[in-house]
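# Fold and geometry: a report
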Amino acid sequence: MYRHKYHILPPEGWLNDPNGSCYFNGKYHVFFQYSPGQPEGGDKYWGHYESVDMINWKYVGIAISPDMEYDCDGAYSGCAYVDDGVMELFYTGNVKHPGNYDYINEGRGHNVLALKSIDGSHMSDKDVILINADYPSDMSCHVRDPKVWREGNGYFMLLGARTRDSKPALLLYKSQDKKNWKLEQTVYADEKLGYMLECPDYFTLEDNIVVAACPQGMSHEDMRFQNIYESGYFTMTESEMNDFYSSNNISEISLSDRGEFLNELLQVKYFTEWDMGFDFYAPQSFEAADGRRILIGWAGVPDAPYNNDASVAEGWQHSMTVPGELDVKDGHVYRYPIRELADLHINERRFEVESDRVIHTTSEAYDIRITEIGASESATVYINQDVSLTYNRDMKVCTLSFHNNTGAGRGSRKADMSMLPGGGVLENIRILFDQSLLEIYINDGETVFTSRYYPKRHDDMTIRFEGMAAEAVYWDMKEAIS
Ligand code: FRU
């Protein structure tokens, strides 16, 4: 009853982070942290989905198994780098040595391993690239999740890290051949980011250098950092960038300035969360065939105080967001469902929204776009009696709330829109619903809320509007996962 129709999910068992996402030889690949047969998590493999259009996804099997001394307790997260017609995968091999260890500072092997594929399905033997002894001596045993990219005539790798005294950091390595890696810089992040950064990403968006990471241990605030662990990106606005140039007497960031720049960048003041909902973590970006930067996130969070028991009862847990296109305005990254998603639309219905307007649907999977919104002081969209998204015009705040226990422990999450490029005005809302997953995109992806939602029934669903006038288009969604 809760399995999705158009979001990547495990065939059965558990899924967490997307891994190795890339476009290679005419196909899109999304690997994922996978515990087959263990819907509550367990041994970590890489599962593998493929697609020719980023919309219709086919599960093609297990790509990496934790089957050697350097990864025997988990083929953890990592990335793909496509070079010269070869797909190269870099990931963390997790090893837990038996004994009485804390597994933070002692007892754990955390190795970077690599393998190659020339056809996207058969994998080479694994190469061991970095082991514990290769990391700086002030690092704990939590160094992981390699992200590799090329710049100039060399390659860079970023790893997420926790220092031995529990401070957040990233390690920047450099290589000429992707086999021998030399530490370029330990980037100590702002201590307000907690004790650990995991799942780093690095890319450019127009002229902006964007570093993404997942900080663990931040202090929660009323309208920021509301989940147990956060997921977001660091980037500078044009004027912050100019300040950095002038204080360093440079006119661009050369490769040799890379580490210095990261040292400045990894501060809370440059950090924005990707998503304000309950279920978003460890996203990965990749470049589409036509150059667009695409982001897919895990629609889940580790160690969350709320649950997905209803999905576990069906033998599976967790899924991915739809692929989102990224765009940047004034140093703020917008994330919006890829335009290809329109290929899944059927049964279009258009209507005018006015207060107390109710739309009925019997579909378990839909997409509704609400535009040209004129909002009263307080405007709300209700999904059944279960979910409300309320916009407070004076406060410039959006609040997502679950009622009737349909959030399985999820309560409310808020997003402060006042400092965003749109100035806090609500212009449009897009709601993707898929059996037990909601993705709500506000103002073309300026703010996003991703959350699991467990309606008691699907055969009579309502969408009700209060305090607003708008135009709306509704579509049912075709099935796209096989
Ligand atoms: C993030 C994470 C990664 C790790 C993986 C293990 O959710 O903890 O840091 O590589 O999951 O499944």
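Let's shift gears to the site of the ligand. Looking at the ligand, the residues that line it are N16, D17, Q33, K44, Y76, S77, R144, D145, E198, C199, Y281 and W298. For the ligand, an oxygen atom lies 2.6 Å from a polar atom in the side chain of Q33. At a separation of 2.6 Å, an oxygen atom of the ligand approaches a polar side-chain atom of D145. Against a free-state accessible area of 320 Å², the protein chains account for coverage of 92% of the ligand. Broken down by secondary-structure element, the contributors of at least two residues to the shell around the ligand are β1 (13-24), β5 (75-83), β9 (139-151) and β13 (196-205).

Attention now goes to the nonpolar core. One broad trend across soluble globular proteins is that nonpolar side chains are buried collectively. With 41 residues, the main nonpolar core has Y6, I8, M54, W57 and L341 as its most contacted residues. For this core, the secondary structure elements donating two or more residues are β1, β2 (27-35), β17 (281-287) and β18 (293-298). For this core, the two domains that each supply at least three residues are domain 1 (13-337) and domain 2 (339-477). When near neighbours in sequence (up to four residues on either side) are disregarded, L341 contacts Y6, I55, V322, R430, L432 and M477.

Moving on to the domain arrangement of the chain. Along its sequence, the chain is carved into domain 1 (13-337) and domain 2 (339-477). Once you take the C-alpha centre of each, domain 1 and domain 2 turn out to be 30 Å apart. With 37 residues of domain 1 at the interface, the matching set in domain 2 holds 37 residues. Run the count over domain 1 and domain 2 and you get 4 salt bridges. In this assembly, domain 1 and domain 2 are joined by 21 residue pairs in polar contact (both at pLDDT 80 or more). For the side of domain 1 that touches domain 2, the elements supplying multiple residues, two or more each, are α3 (309-312), β20 (324-329) and β21 (332-337).

With respect to the helices and strands, K178 occurs in the loop between β11 (168-175) and β12 (182-188). Within the structure, the side chain of K178 is placed 2.6 Å from the side chain of E88, a separation counted as a polar contact.

Moving on, we get to unusual backbone geometry. The phi angle at D84 is positive, at roughly 50 degrees, despite the residue not being glycine. With respect to the helices and strands, the residue D84 is situated in the loop between β5 and β6 (86-96). Since its relative accessible area comes to 78%, D84 is described here as exposed. Within the chain, E206 stands out as a residue other than glycine whose phi angle is a positive 50 degrees. Looking at where E206 falls in the secondary structure, it is placed in the loop between β13 and β14 (208-216).

With that out of the way, let us pick up helix α2 (residues 258-265). All of the buried residues along α2 are R258, G259, F261, L262 and L265. Relative to the axis of α2, the buried residues are bounded by an arc of 160 degrees and lie together on one face.

In this model, the largest pocket occupies a volume close to 720 Å³. Taken together, 30 residues make up the lining of the largest pocket; nearest its centre are F271, T272, H332, M419 and L420. Broken down by secondary-structure element, the contributors of at least two residues to the lining of the largest pocket are β16 (271-273), β21, β27 (412-416) and β30 (447-452). When residues of the lining of the largest pocket are assigned to domains, at least three map to each of domain 1 (13-337) and domain 2 (339-477).

Pairing is antiparallel across the open sheet formed by 4 strands, whose spatial order is β9-β10-β11-β12. Here the strands that pair on one side only, and so sit at the sheet edges, are β9 and β12. When the angles between neighbouring strand axes are averaged without regard to direction, this sheet yields 20 degrees. Of the pairings in the sheet, the one linking strand β10 (residues 154-163) to β11 comprises 8 bridges and is antiparallel in character. Counterpart to M157 in the pairing with β11 is Y173. Sitting on the sheet, α2 touches β9, β10, β11 and β12, and the angle it makes with β12 is about 20 degrees.

Another point: helix α1 (residues 238-248). Among the residues making up α1, those that are buried are M241, F244 and Y245. Here the buried residues of α1 occupy an arc of 100 degrees about the axis, which is enough to place them on one side. Structural note: α1 exposes S246 and S247 on the side pointing more than 90 degrees away from its buried face. Taken together, the buried residues of α1 touch α2. One or two steps after α1, the chain reaches N249, where phi turns positive at roughly 55 degrees.

For the rest of this paragraph, the subject is the sheet that holds β18. Working definition: the strands of a sheet are paired by backbone hydrogen bonds and lie parallel or antiparallel to each other. Overall, antiparallel pairing links the 4 strands, which are arranged β17-β18-β20-β21 in an open sheet. Looking along the sheet, the strands with just one partner apiece sit at the ends: β17 and β21. Shown here is a sheet whose adjacent strand axes are inclined to one another by a mean of 40 degrees, direction ignored. Here β17 runs beside β18; their pairing, made up of 5 bridges, is antiparallel. Across the sheet, the residue bridging to Q284 is I296, located in β18.

Before going further, it helps to examine the environment of F465. Checked against the element boundaries, F465 lands in strand β31 (residues 461-477). Distance from F465 to Q226, taken between C-alpha atoms, is 26 Å for residues 239 residues apart in sequence. Setting aside residues up to four positions removed in sequence, F465 forms contacts with F351, V353, E354, S355, D356, R357, I359, I368, I370, T380 and V381.

The rules behind these values
- Residues numbered from 1 in each chain as written.
- Predicted model: local features only at pLDDT ≥ 70, side-chain atom pairs only at ≥ 80, totals over all residues.
- Heavy atoms only, no water.
- Near = heavy atom within 4 Å.
- Polar contact = N/O pair within 3.5 Å; in protein donor to acceptor, adjacent residues only side chain to side chain.
- Areas by Shrake-Rupley, 256 points an atom, 1.4 Å probe, with all protein chains shown as cover.
- Helix = DSSP H or I, 4+ residues; strand = E, 2+ residues; numbered from the N terminus.
- Core = buried A, V, L, I, M, F, W, Y, C linked by side-chain atoms within 4.5 Å.
- Buried < 20%, exposed > 50% of the residue type's maximum accessible area, 1.4 Å probe, protein only.
- Domains from an automatic or database assignment.
- Contact = heavy atoms within 4.5 Å.
- Salt bridge = Lys/Arg side-chain N within 4 Å of Asp/Glu carboxyl O.
- Arc of directions from axis to C-beta.
- 1 Å grid on protein atoms, 1.4 Å probe; cavity = no way out; pocket = protein on both sides within 12 Å on 5 of 7 lines; lining within 4 Å.
- Points joined across faces, edges and corners; volume = space filled by probe spheres on them.
- Pairing = 2+ DSSP bridges.
- Axes fitted to C-alpha atoms, helices over the stretch in contact; angles between N-to-C directions.

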